[in-house]
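Here is how the chains run, residue by residue.
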Amino acid sequence: MDSLLALINNFIAIINEASPWLLLGLIIAGLMKSMVPTQVLSQHLGEGKIAIVKAAFIGAPLPLCSCGVIPVATQLHRSGASSPATSAFLVATPETGVDSVSVSYALLGPVMAVYRPISAITSAIFTGLLVDRGTKSDNARINETPTVTSTEVNTGFNKTPTLTSSEKAEHQHGQTSCCASHSEADPIHQTVKEIETEQALEVKESSCCASTATAVADDRPSLLSKFSTGLRYAFTKLLDDLILWLLIGLVFATLIRTFLPADFLLQYGSGISAMLLMILISVPMYICATASTPLAAGLIMAGISPGTALVFMMAGPATNISTLGVIRNEMGGRVLTLYLAGIVVSSIAFGLGLDYALGYFDISIHEQMSHSHELLPIWFAGTCSVLLLLCAIKPLRKRILNA
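Cut-offs used in this document
Residues numbered from 1 in each chain as written. Predicted model: local features only at pLDDT ≥ 70, side-chain atom pairs only at ≥ 80, totals over all residues. Heavy atoms only, no water. Phe/Tyr/Trp six-rings, centres within 6.5 Å; stacked < 30°, edge-to-face > 60°. Helix = DSSP H or I, 4+ residues; strand = E, 2+ residues; numbered from the N terminus. 1 Å grid on protein atoms, 1.4 Å probe; cavity = no way out; pocket = protein on both sides within 12 Å on 5 of 7 lines; lining within 4 Å. Points joined across faces, edges and corners; volume = space filled by probe spheres on them. Nonpolar A, V, L, I, M, F, W, Y, C, P; charged D, E, K, R; others polar. Axes fitted to C-alpha atoms, helices over the stretch in contact; angles between N-to-C directions. Parallel < 35°, antiparallel > 145°, perpendicular 65-115°, else oblique. Contact = heavy atoms within 4.5 Å. Buried < 20%, exposed > 50% of the residue type's maximum accessible area, 1.4 Å probe, protein only. Polar contact = N/O pair within 3.5 Å; in protein donor to acceptor, adjacent residues only side chain to side chain. Salt bridge = Lys/Arg side-chain N within 4 Å of Asp/Glu carboxyl O.

Undergrad: Which residues make up the packing of aromatic side chains, and what values go with them?
TA: On inspection of all chains with the given rule, the structure shows 4 aromatic pairs. Taking the centre distance of 6.1 Å and the plane angle of 75° together, the rings of tyrosine 115 and phenylalanine 350 count as edge-to-face. Separated by 235 residues along the polypeptide, tyrosine 115 in helix H7 (residues 110–143) and phenylalanine 350 in helix H17 (residues 333–360) bring together distant segments of the chain. Between the aromatic rings of tyrosine 356 and tyrosine 360, the centroid separation amounts to 6.0 Å while the plane-to-plane angle is 20°, which identifies the pairing as stacked.

Undergrad: Please give an account of the layout of surface pockets that cites residues and values.
TA: Taken as a whole, the second largest pocket spans an internal volume of roughly 360 Å³. Those elements giving two or more residues to the lining of the second largest pocket turn out to be helix H1 (2–35), helix H12 (223–259) and helix H18 (378–392). Considering each element in turn, the lining of the second largest pocket owes the most residues, 7 residues, to H1. Partitioning the lining of the second largest pocket into residue classes produces 15 nonpolar, 3 polar and no charged.

Undergrad: Let's hear about the packing of helix H16 (residues 321–331) against H17: which residues, and what values?
TA: Taken N-terminus to C-terminus, the directions of H16 and H17 make an angle of 140°; their axes are 7 Å apart at the nearest point. Classed by the angle they form, the pair H16 and H17 counts as oblique. In contact with Thr323, Leu324, Ile327, Arg328 and Met331 of H16, H17 contributes Gly333, Val335, Leu336, Tyr339 and Leu340. The residue makeup of the contact of H16 with H17, split by class, is 7 nonpolar, 2 polar and 1 charged.

Undergrad: Tell me about H16, and please be specific about residues and values.
TA: Residues lying three or four places apart along an α-helix face the same way, a consequence of the helix completing one turn every 3.6 residues. Counting buried residues in H16 gives 8 out of 11 residues, a clear majority hidden from the surface. Among the residues of H16, Ile321, Ser322, Thr323, Leu324, Gly325, Val326, Ile327 and Met331 are the ones counted as buried. Capping of H16 at its N-terminal end is provided by asparagine 320; its side-chain oxygen lies 2.9 Å from the backbone amide nitrogen of serine 322. A positive backbone phi angle near 100° is found at glycine 332, which sits one or two residues after H16.

Undergrad: Hey, could you go over the pattern of salt bridges for me, with residue numbers and the actual values?
TA: Tallied over the full model, the rule gives 3 salt bridges. Note that lysine 394 and aspartate 240 form a salt bridge whose closest N and O atoms lie 3.9 Å from each other. Of the two residues, lysine 394 is situated in helix H19 (residues 394–401) and aspartate 240 in helix H12; the sequence distance between them amounts to 154 residues. Of the residues examined, lysine 394 reaches a relative accessible area of 41% and is grouped as partly exposed. On the basis of relative accessibility, which here comes to 24%, the residue aspartate 240 falls in the partly exposed class.

Undergrad: So what's going on with the packing of helix H5 (residues 83–95) against H16? Residues and values would help.
TA: Two elements in contact, H5 and H16, have axes whose closest approach is 12 Å; the angle formed by their N-to-C orientations is 170°. Taken together, the axes of H5 and H16 lie roughly antiparallel to each other. Contacts from Ser83, Thr86, Ser87 and Leu90 of H5 reach H16 at Thr323, Ile327 and Met331.

Laid out in structure tokens, this is it:
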């Protein structure tokens with residue numbers, strides 16, 4: 001009975017921890033869907049190493065946790081961001097943020113406050129590059145698929161014959177009126193490119209076709225309409241796509257928090273073996289960067305090395321069952337494997353580097369630490385949990401929210 005009660009209490013506590021940041025992530029993803037043009041995201045977060053660096057620096061300051069980043073990253077990928085750039089965003093965003101950096105400074109001191117975001121951004125870029133390198137062979141096979149170019153289309157089906165002087169006069173006469181229909185011009189003497197050019201000019205023309213352009217402008221949705229459309233998309237279709245893996249991840253995190261002894265890690269102290277064990281425990285666990293900070297401070301005070309605690313603060317927020325499941329569904333198993341490999345290698349490397357640097361420069365993290373405090377009021381977290389529950393259960397959502 002005590003175990004069941006502890007299980008229920010931990011499940012409620014984890015939902016309250018995750019729901020505010022998950023709602024924030026859904027709102028950002030919805031607004032991104034309705035207000036940010038797809039071609040903008042494709043241009044800046046598409047293929048290439050620069051896109052990976054951009055994604056890491058864009059995600060680093062955002063105050064999103066492990067669950068909150070999932071809908072945003074999903075929408076990024078669906079809007080044209082490449083798998084390497086999306087992977088870098090998924091690592092940098094939950095590992096650090098303006099909120100977690102400030103809490104790190106308060107609880108762990110200035111050294112950790114500086115070292116933590118640097119390691120997060122660097123590990124995000126490393127993971128993105130690893131995914132990029134590992135998926136190049138797949139992209140090469142896709143690019144080898146024969147495609148029909150516009151030149152081949154014109155050559156095979158829309159060859160433009162040589163026109164006589166009388167035919168040229170007739171063709172020019174058919175283009176005299178800017179509002180002339182395509183039926184007035186002989187389609188045999190127009191290439192596909194010319195037709196597309198004329199269609200673009202008809203929309204942009206400001207003389208005799210100005211009424212048409214005005215009508216198109218009037219049909220553009222207002223800012224309020226875009227906002228409403230984005231929120232409806234986020235809390236219906238996008239949430240429905242993610243809710244199963246979110247639920248699995250929260251249940252798994254509850255089991256770990258309930259049945260894993262609090263002092264289990266303290267017997268290992270530091271070193272690669274302790275860091276590997278920390279990764280095995282933190283990968284399936286739900287924990288956000290801000291909430292992981294007081295836990296890391298407690299582990300350090302209990303005897304864990306700062307480098308081992310850093311591994312927990314890097315691998316824990318960047319991975320959980322929900323995140324891994326969404327990566328598998330959205331980008332495939334190969335990307336998931338490379339994603340995990342990048343996080344494991346980079347977190348251990350930065351953990352070992354931190355322990356070495358602290359010993360070399362004789363810096364004590366214990367002297368820079370202070371007590372933790374409550375991050376969000378319980379009433380606010382509980383309200384967010386109720387709203388999330390209403391949106392997640394379709395019958396309730398349709399009855400109450402009519403969505």
